[in-house]
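Now for the letters of each chain:
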Amino acid sequence: VLIKKPTFYDYLHSGIQLNLITAIDFTASNRDPRDPRSLHYLAPSGDSFNQYQQCIKSVGEILCPYDSDQLFPVLGFGAKFGNQTTTQHCFPLTFDNEKPCVKGLDGILDVYQNALSQVCLSGPTLFAPIIRYANQLAVQSFQESKTYTILLILTDGIINDMQDTCDAIVEAGRLPLSIIIVGVGNANFNKMDILDADDSPLISRTGEKECRDLVQFVPFNKFAGNGVILASEVL
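Residues numbered from 1 in each chain as written. Predicted model: local features only at pLDDT ≥ 70, side-chain atom pairs only at ≥ 80, totals over all residues. Heavy atoms only, no water.

Draft legend 1. Examining the side chain of Asn 19 more closely. Mapped onto the elements of the fold, Asn 19 is located in strand β1 (residues 18–25). Of the polar contacts made by the side chain of Asn 19, one reaches the side chain of Ser 141; its length is 3.5 Å. When residues no more than four places from it in sequence are discounted, the contact partners of Asn 19 are Asp 67, Leu 71, Pro 73, Leu 137, Ser 141, Thr 147, Tyr 148, Thr 149 and Ile 150. (Helix = DSSP H or I, 4+ residues; strand = E, 2+ residues; numbered from the N terminus. Polar contact = N/O pair within 3.5 Å; in protein donor to acceptor, adjacent residues only side chain to side chain. Contact = heavy atoms within 4.5 Å.)

Structure follows, in structure tokens:
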């Protein structure tokens, strides 16, 4: 007996809706946005994108069309802003906890650029708060509209809460959620490959093993400029 196992493409083709959450790394390892060597550097002329903007545009063009309402939560992590003295590890780039969503891909790009002028890059780099936020939203979105959630994490690859992140991913395995991690820049991405868990499933600190492969790591520089291969890697 042949049993056909549907691919994610099959689900998309059948009309499943996606909810894209974009989470952006504002930790100090990216360098000061005013420094031309920074991964967050914005050219004064405005005629070229930094790598984060390139990632948002390239991956957003792949995923955004599958969301019918075109309202996307955009988060930041690893920064201070306002009068805060402690680093914030999960905050909306709208700076309004009641309204974390923006309209369309252009809205994601605009709110990212606006946030750069308001945040102070800091650290450490923690993924777990972002993933736990996505876990809660994934449950809520599926209950309300049978929507599947995609968490897109854009990062330079440094991570300081590996075990907490593994715990959050193992928990997410039981939820309607997938995680795409896009590595920006040319750092050592060994830990991102571990989270991808293609070779061995992640194990939580309580000993629970990851029940499915829900994380895809994509080093952006390897696929930048080739939209077809990037789309294949992302999906």
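Here the narrative resumes.
Draft legend 2. Region of the structure containing the packing of helix α2 (residues 51–63) against helix α3 (residues 104–116). As a packed pair, α2 and α3 sit with axes 10 Å apart at the nearest point and diverge in direction by 165 degrees. What the angle tells us is that α2 and α3 run roughly antiparallel. Crossing angle aside, the handedness with which α2 passes α3 is right-handed. In contact with Tyr 52, Gln 53, Ile 56, Lys 57, Gly 60 and Glu 61 of α2, α3 contributes Leu 105, Ile 108, Leu 109, Tyr 112 and Gln 113. (Axes fitted to C-alpha atoms, helices over the stretch in contact; angles between N-to-C directions. Parallel < 35°, antiparallel > 145°, perpendicular 65-115°, else oblique. Left-handed = near helix turned anticlockwise from the far one by under 90°.)

Draft legend 3. Layout of α3. Helix length check: α3 (13 residues) gives 19 Å between terminal C-alpha atoms against 18 Å at 1.5 Å per residue, within 8%. By the burial criterion, the buried members of α3 are Gly 104, Leu 105, Gly 107, Ile 108, Leu 109, Val 111, Tyr 112, Ala 115 and Leu 116. If you follow the buried residues of α3, they end up packed against β1, α2, β2 (71–77), β5 (101–103) and β6 (119–121). (Expected span 1.5 Å × (residues − 1). Buried < 20%, exposed > 50% of the residue type's maximum accessible area, 1.4 Å probe, protein only.)

Draft legend 4. Structural context of the pattern of salt bridges. Per the stated rule, a full pass over the model turns up seven salt bridges. Arg 205 is paired through a salt bridge with Asp 167; the nearest N and O atoms lie 2.5 Å apart. Linking Arg 205 in the loop between α6 (190–196) and β9 (215–219) with Asp 167 in helix α5 (residues 162–172), this pair joins segments that are 38 residues apart in sequence. Exposure remark for Arg 205: the relative accessible area of 53% places this residue in the exposed category. Asp 167 sits in the buried class, given a relative accessible area of 13%. (Salt bridge = Lys/Arg side-chain N within 4 Å of Asp/Glu carboxyl O.)

Draft legend 5. Examining the nonpolar core more closely. Judged by nonpolar contacts, the single largest core of 40 residues is most densely connected at Ile 24, Phe 26, Leu 63 and Leu 93. Counting residues per element, this core draws most heavily on α3, at seven residues. With sequence-adjacent residues up to four places away left out, Leu 93 is seen in contact with Ile 24, Phe 26, Val 74, Leu 75, Gly 76, Val 111, Tyr 112 and Ala 115. Core analysis: the next-biggest nonpolar cluster, separate from the first, contains 30 residues, Phe 77, Ala 134, Leu 195 and Leu 202 among them. (Core = buried A, V, L, I, M, F, W, Y, C linked by side-chain atoms within 4.5 Å.)

Draft legend 6. Representation of the layout of surface pockets within the structure. For the second largest pocket, the calculated volume is near 260 Å³. Asn 19, Asp 69, Ser 141, Ser 145 and Thr 147 are the residues nearest the centre of the second largest pocket, which is lined by 15 residues in total. It is helix α4 (residues 128–145) that provides the largest number of residues to the lining of the second largest pocket, a total of five residues. Of the residues assigned to the lining of the second largest pocket, the class counts are five nonpolar, seven polar and three charged. (1 Å grid on protein atoms, 1.4 Å probe; cavity = no way out; pocket = protein on both sides within 12 Å on 5 of 7 lines; lining within 4 Å. Points joined across faces, edges and corners; volume = space filled by probe spheres on them. Nonpolar A, V, L, I, M, F, W, Y, C, P; charged D, E, K, R; others polar.)

Draft legend 7. Just the pairing of β2, in detail. Most of β2 is tucked away: six of the seven residues are buried. By the bridge criterion, three bridges tie β2 to β5 in an arrangement that is antiparallel. If you follow Leu 71 over to β5, its bridge partner there is Lys 103. Across two bridges, β2 lies against strand β4 (residues 91–92) in antiparallel orientation. Among the inter-strand pairings, Leu 75 is bridged to a residue of β4, identified as Pro 92. (Pairing = 2+ DSSP bridges.)

Draft legend 8. Spatial organisation of the environment of Leu 105. With respect to the helices, strands and loops of the structure, Leu 105 is situated in helix α3. Using a relative accessible area of 16% as the deciding quantity, one classes Leu 105 as buried. Sequence spacing of Leu 105 and Gln 70 is 35 residues, and the spatial spacing of their C-alpha atoms is 8.1 Å. Beyond its immediate sequence surroundings of up to four residues, Leu 105 is in contact with Ile 56, Lys 57, Gly 60, Glu 61, Cys 64 and Phe 72.

Draft legend 9. Highlighting unusual backbone geometry. Along the chain, Gly 123 connects to Pro 124 via a cis peptide bond; the corresponding omega equals 0 degrees. Its place among the elements puts Pro 124 in the loop between β6 and α4. In this structure, Arg 31 takes a positive phi of about 75 degrees despite not being glycine. With respect to the secondary-structure elements, Arg 31 resides in the loop between β1 and α2. Overall, Arg 31 belongs to the partly exposed group, its relative accessible area being 39%.

Honestly, that's just the spatial picture; any functional story needs more than this.
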